[in-house]
Amino acid sequence: MTRRLLILLAASGSAALLLGAFAFQHLGELAPCKMCIWQRWPHAVAIVLAAIAMVVPATPVLLLGAVAVLASGAIGLFHTGVERDWWEGPSTCTSGDISTLSTDDLMNQIMGAPLVQCDVVAWQFLSLSMASWNAILSFVLCLIWVAAARRSA
């Protein structure tokens with residue numbers, strides 16, 4: 001595959017992941033949690049970097065694309081761990097431990113909590129959540145970016 005084709009493939013992958021996320025949100029009515037939103041931004045950056053790489057075929061631009069999707073994958077992997085209770089997520093989007101809270105503190109936490117919790121799986125396929133699929137596919141896209149960077153301009 002040519003470098004240009006690999007760049008297009010990587011950008012298309014990020015675009016497909018973003019379009020899928022927006023489809024689940026707007027057509028499937030599955031509101032995203034805070035970490036779901038965090039996973040989207042690196043894909044948007046990767047698409048912009050792909051557009052730049054089509055004009056300026058510099059290897060550092062391609063490596064930044066790899067880093068962008070790697071960041072999304074890392075966030076997805078962290079999010080998967082939060083969903084599976086392997087570790088605790090940010091206190092602003094998970095239920096956390098409530099055993100030490102007073103009734104008033106608990107009520108304040110409930111009233112101030114976001115509508116969508118990061119530690120709840122809203123959808124899954126083959127026992128993997130959207131965060132897990134994003135992580136897997138983002139790591140594959142990272143490999144495509146690296147392959148593009150290794151090809152001569």
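Residues numbered from 1 in each chain as written. Predicted model: local features only at pLDDT ≥ 70, side-chain atom pairs only at ≥ 80, totals over all residues. Heavy atoms only, no water.

Student: So what's going on with helix α3 (residues 59-83)? Which residues, and what values?
Tutor: The first and last C-alpha atoms of α3 sit 36 Å apart over 25 residues, in line with the 36 Å expected at 1.5 Å per residue. Just beyond α3, the residue with positive phi is aspartate 85, at close to 60°. (Helix = DSSP H or I, 4+ residues; strand = E, 2+ residues; numbered from the N terminus. Expected span 1.5 Å × (residues − 1).)

Student: Which residues make up the packing of helix α1 (residues 3-26) against helix α5 (residues 130-150), and what are the values?
Tutor: Put simply, α1 and α5 touch, their axes get as near as 8 Å, and they point 165° apart. Considering the angle they form, α1 stands roughly antiparallel to α5. The element α1 and its partner α5 pack so that their crossing is left-handed. When α1 is examined against α5, the residues Arg3, Leu6, Ile7, Leu9, Ala10, Gly13, Ser14, Leu17 and Phe24 are found in contact with a partner set consisting of Met130, Asn134, Leu137, Ser138, Leu141, Ile144, Trp145, Ala147, Ala148 and Ala149. Of the residues that constitute the contact of α1 with α5, the class distribution is 14 nonpolar, four polar and one charged. (Axes fitted to C-alpha atoms, helices over the stretch in contact; angles between N-to-C directions. Parallel < 35°, antiparallel > 145°, perpendicular 65-115°, else oblique. Left-handed = near helix turned anticlockwise from the far one by under 90°. Contact = heavy atoms within 4.5 Å. Nonpolar A, V, L, I, M, F, W, Y, C, P; charged D, E, K, R; others polar.)

Student: Please set out the packing of helix α2 (residues 34-55) against α5 residue by residue, giving values where relevant.
Tutor: Put simply, α2 and α5 touch, their axes get as near as 12 Å, and they point 25° apart. Accordingly, the angle class assigned to the pair α2 and α5 is roughly parallel. In the packing of α2 onto α5, the handedness of the crossing is left-handed. Each of Gln39, His43, Ala46, Leu49 and Ala50 in α2 lies in contact with α5, whose residues at this interface are Ala131, Asn134, Ser138, Leu141 and Trp145. Its residues assigned to classes, the contact of α2 with α5 shows six nonpolar, four polar and no charged.

Student: Would you mind going over the nonpolar core in detail, with residue names and values included?
Tutor: Counting residues in each nonpolar core, the largest one holds 20 residues, and the members touching the most others are Ile7, Leu62, Val69 and Trp145. Put simply, the parts of the chain that give this core at least two residues each are α1, α2, α3 and α5. Among the elements that make up this core, the one with the highest residue count is α5 (six residues). (Core = buried A, V, L, I, M, F, W, Y, C linked by side-chain atoms within 4.5 Å. Buried < 20%, exposed > 50% of the residue type's maximum accessible area, 1.4 Å probe, protein only.)

Student: Talk me through the packing of aromatic side chains; I want residue IDs and the actual numbers.
Tutor: Summed over all chains, the structure comprises three aromatic pairs. Both rings, one in tryptophan 86 and one in tryptophan 87, keep their centres 5.9 Å apart while their planes meet at 65°; by these two values the pair is edge-to-face. A relative accessible area of 38% places tryptophan 87 in the partly exposed class. An angle of 40° between the planes, with centres 6.1 Å apart, marks the rings of phenylalanine 125 and tryptophan 133 as tilted. (Phe/Tyr/Trp six-rings, centres within 6.5 Å; stacked < 30°, edge-to-face > 60°.)

Student: Report on α1, specifying residues and quantitative values.
Tutor: Helical geometry: 3.6 residues make up each α-helical turn, so side chains three or four residues apart lie on a common side. Between its first and last C-alpha, α1 extends 34 Å over 24 residues, near the 34 Å set by a 1.5 Å rise per residue. For α1, the full list of buried residues reads Arg3, Leu6, Ile7, Ala10, Ala11, Gly13, Ser14, Leu17, Leu18 and Ala21. Its buried side turned inward, α1 meets α2, α3 and α5.

Student: Could you give an account of a nonpolar patch on the surface, naming the residues involved and the relevant values?
Tutor: There is a patch of nonpolar side chains on the surface, built from Met1, Leu5, Leu8 and Leu9 and spanning about 370 Å² of accessible area. Considering the arrangement of structural elements, one finds leucine 5 in helix α1. Residue leucine 5 is classed as partly exposed on the basis of its relative accessible area, which comes to 43%. (Patch = residues over 30% accessible without salt bridge, like charges linked within 9 Å, V, L, I, M, F, W, Y side chains within 5 Å. Areas by Shrake-Rupley, 256 points an atom, 1.4 Å probe, with all protein chains shown as cover. Salt bridge = Lys/Arg side-chain N within 4 Å of Asp/Glu carboxyl O.)

Student: Could you give an account of the layout of surface pockets, naming the residues involved and the relevant values?
Tutor: The volume enclosed by the largest pocket comes to roughly 520 Å³. Together, 29 residues line the largest pocket, and Ala21, Phe24, Cys36, Met130 and Ala131 are the ones closest to its centre. Elements with a contribution of two residues or more to the lining of the largest pocket: α1, α2, α3 and α5. Sorting elements by how many residues they give to the lining of the largest pocket places α1 first, with seven residues. For the lining of the largest pocket, the class distribution of residues is 19 nonpolar, eight polar and two charged. (1 Å grid on protein atoms, 1.4 Å probe; cavity = no way out; pocket = protein on both sides within 12 Å on 5 of 7 lines; lining within 4 Å. Points joined across faces, edges and corners; volume = space filled by probe spheres on them.)

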